[in-house]
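# Fold and geometry: a report
Residue strings, one per chain:
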Amino acid sequence: MPLARSLSVTSLSGLDDWDEEFDLEDAVLFEIAWEVANKVGGIYTVIQTKARLTCEEWGENYFLVGPYIESNVRTQVELIEPSNAPLRRTIEKMNSSGCKVYFGRWLIEGSPYVVLIDVGFTAWSLDRWKSELWENCGVGVPWFDREANDAVLFGFLTAWLLGEYAAQCDEPPRIVAHFHEWLAGLGLVLCRQRKLPVATIFTTHATLLGRYLCAGNVDFYNNLAEFNVDKEAGDRQIYHRYCLERAAARCAHVFTTVSQITAIEAEHLLRRKPDIVTPNGLNVKKFSAMHEFQNLHAQSKARIQEFVRGHFYGHLDFNLDKTLFLFIAGRYEFSNKGADIFLEALARLNYLLRTNLHKVLLAFFVRGQLPDVSKMLDREDFTMMKRAIFSTQRQCQPPICTHNMLEDSADPILNCIRRIGLFNSSQDRVKVIFHPEFLSSTSPLLPMDYEEFVRGCHLGVFPSYYEPWGYTPGIYILDRRYRGIDESCNQLTSYLFQFCQQSRRQRIIQRNRTERLSDLLDWRYLGRYYISARHMALAKAFPDTYIYNLHEPTSATGFRYPRPASVPPSPAHSLHSSPHHSEAEDEHERYDEEQEAEKDRLNIRQPFNRNKDQTVDLPEEN
């Protein structure tokens, strides 16, 4: 079910031949999201990493708008006075009218300006605004839905901000307002209802109804056209939220989503075909030599090992240097994010490792050989060492969870671990650590940011059933659409077991290959789709000033990605070029990075030529 007018990540060069020039000097961009300077989920990462590129394009005319959360502001935002005169007058007017609006710089790359609105301070207006929403839009919000109440407050306040800014401008303004997700969507609906001079964009990163349907164990992707969306939303008591999301999608000048599969989902559930697909990117940090990120991996791995020593204190009967670290992370949606599949595969992998392979994994992966100390110590030293070891041993099993959980008997992850019997016993080759909160460099338990933690691990596993846009390039691709749960578990178990069988050299080759592919996810490429969406919105809202003609990408444009190693079964390419070696050989294997890079330069195909005279080049390999 392809979308006829959508540009996607498969056509990265599809926007290169813009003919029109856009004069943004008199235009202002407001980007509005509940996750501005407020880490809740993946949208925070999207906005944070994209900010530098957007600041380079818009300069002083770019403002992020989000909620004021005092704990976040203390560590992430420098409060200052706005230099933009209309915005300064806007904030003063709103504050004098019973609001609390703050202005500052978000302390991330690009240092973008942020406008933060204290929604709790204006809660006295909630009933009046909910009545207005019902009278003008026919959407009623129940009193007990706190998240929806916040969305109402945030929506009316952002619409107030934009309307007041337009009124404070000396000349007719050219305002672009980009709203992310349903929590910010009401502001867009109010802008259109009040006929404000604002070009609006709405981006859905995942539909509300899609999340709920997938969590209900339905065959979602194969039955998209069959759902009675109003009934399904009502049955799940989210009809008011669904109405806010659908209204934002229908009212926006430009509607975008983050992947082709989500575009198809939005067309069926929100009843509007996206105008453009805006895939999410990353700020890819390039290194002058490949060994630099190998060194970073070693440094981060050493910090994870230190944490594991403390976690398994009294039970550390395995060699950490021979331990592989696996991880899964994401929104706490047990089935949608694939935690059920991952844990079941770990249980099956544990059996395979105990019967076939002398290696340990921690998902955190475990088990190794201790040195023969009988030749190093005399009898008295040996006796004293035994006493010291016995004094530190615990009689209970090592812990699974790093925190004390409230109502742990109802936690789906802990219940699944109990069912499959992965209790970190000395016989288990697979050890499990459950860290149920965001990673942070300021944490006293595991002081690492998520990016550092990922770099220190050997493999990330994300077997999601519902994944509108994943930030992880797949080395092994798991079929969740046309296979049942048991088949998917077996497929994942097979991939994990094959990964455990790889030598250190094979893992290095695979990691380097992935690093070289990271250019394809850089905002320098993918940011152009957001640029295109903004230009399209300006042309629709202000047709007398801006003209935009969408260029249809041909089927022969864009990058060709190398076929994932899991098709045929992974890692085929590495195994052909790098037969498995013994553990004894592992540490001393020769590895020629330049030779491997040259192989990839031949295998990773460059973008196709758009015509005989025009080409699109990849950046130079480091």
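Quick note: structure is the one above.
Before going into details, it helps to say that this report is about the structure given with it. As the structure is a computational prediction, the values presented were derived from the model and not from experiment.

### Digging into the packing of helix α12 (residues 339–356) against helix α16 (residues 485–501)
Taken N-terminus to C-terminus, the directions of α12 and α16 make an angle of 50°; their axes are 8 Å apart at the nearest point. With respect to each other, α12 and α16 are oriented oblique. Where α12 crosses over α16, the two elements pack in a sense that is right-handed. Two secondary-structure elements touch here, α12 through Ile 341, Phe 342, Glu 344, Ala 345, Leu 346, Arg 348, Leu 349, Leu 352, Leu 353 and Asn 356 and α16 through Ile 485, Asp 486, Ser 488, Cys 489, Asn 490, Leu 492, Thr 493, Leu 496, Phe 497 and Cys 500.

### Re helix α7 (residues 208–215)
Within α7, six of the eight residues are buried, leaving the element largely enclosed by the surrounding structure. Among the residues of α7, those classed as buried are Leu 208, Leu 209, Gly 210, Arg 211, Leu 213 and Cys 214. In the core, the buried residues of α7 are packed alongside α6 (181–193), α8 (229–235), α9 (239–251) and α10 (260–269). Two residues or fewer after α7 comes Asn 217, characterised by a positive phi angle close to 60°.

### Some points on the sheet that holds strand β8 (residues 254–257)
What the nine strands build is an open sheet, ordered β3-β4-β5-β2-β1-β6-β7-β8-β9; its pairing is mixed. Either end of the sheet is taken by a strand with one partner, and the two such strands are β3 (77–79) and β9 (276–277). Bridge count between β8 and β9: two bridges; the pairing is parallel. Across the sheet, Thr 257 pairs through a bridge with Val 277, a residue of β9. Across the sheet, helix α3 (residues 85–96) is in contact with β1 (27–32), β2 (62–67), β4 (101–106) and β5 (113–117); its angle to β4 comes to roughly 140°.

### Here's the deal with the sheet that holds strand β11 (residues 360–362)
Strand order in the open sheet made by the four strands is β12-β11-β10-β13, with parallel pairing throughout. Among the strands making up the open sheet, the edge pair consists of β12 (430–431) and β13 (459–460). Looking at chain direction, strand β10 (residues 323–327) and β11 are connected through three bridges and run parallel. Within the sheet, the bridge partner assigned to Thr 323 lies in β11 and is Val 360. In the packing of α16 onto the sheet, contacts are made with β10, β11 and β13, and the angle to β10 comes to roughly 145°.

Reading the values: the criteria
Residues numbered from 1 in each chain as written. Predicted model: local features only at pLDDT ≥ 70, side-chain atom pairs only at ≥ 80, totals over all residues. Heavy atoms only, no water. Axes fitted to C-alpha atoms, helices over the stretch in contact; angles between N-to-C directions. Helix = DSSP H or I, 4+ residues; strand = E, 2+ residues; numbered from the N terminus. Parallel < 35°, antiparallel > 145°, perpendicular 65-115°, else oblique. Left-handed = near helix turned anticlockwise from the far one by under 90°. Contact = heavy atoms within 4.5 Å. Buried < 20%, exposed > 50% of the residue type's maximum accessible area, 1.4 Å probe, protein only. Pairing = 2+ DSSP bridges.

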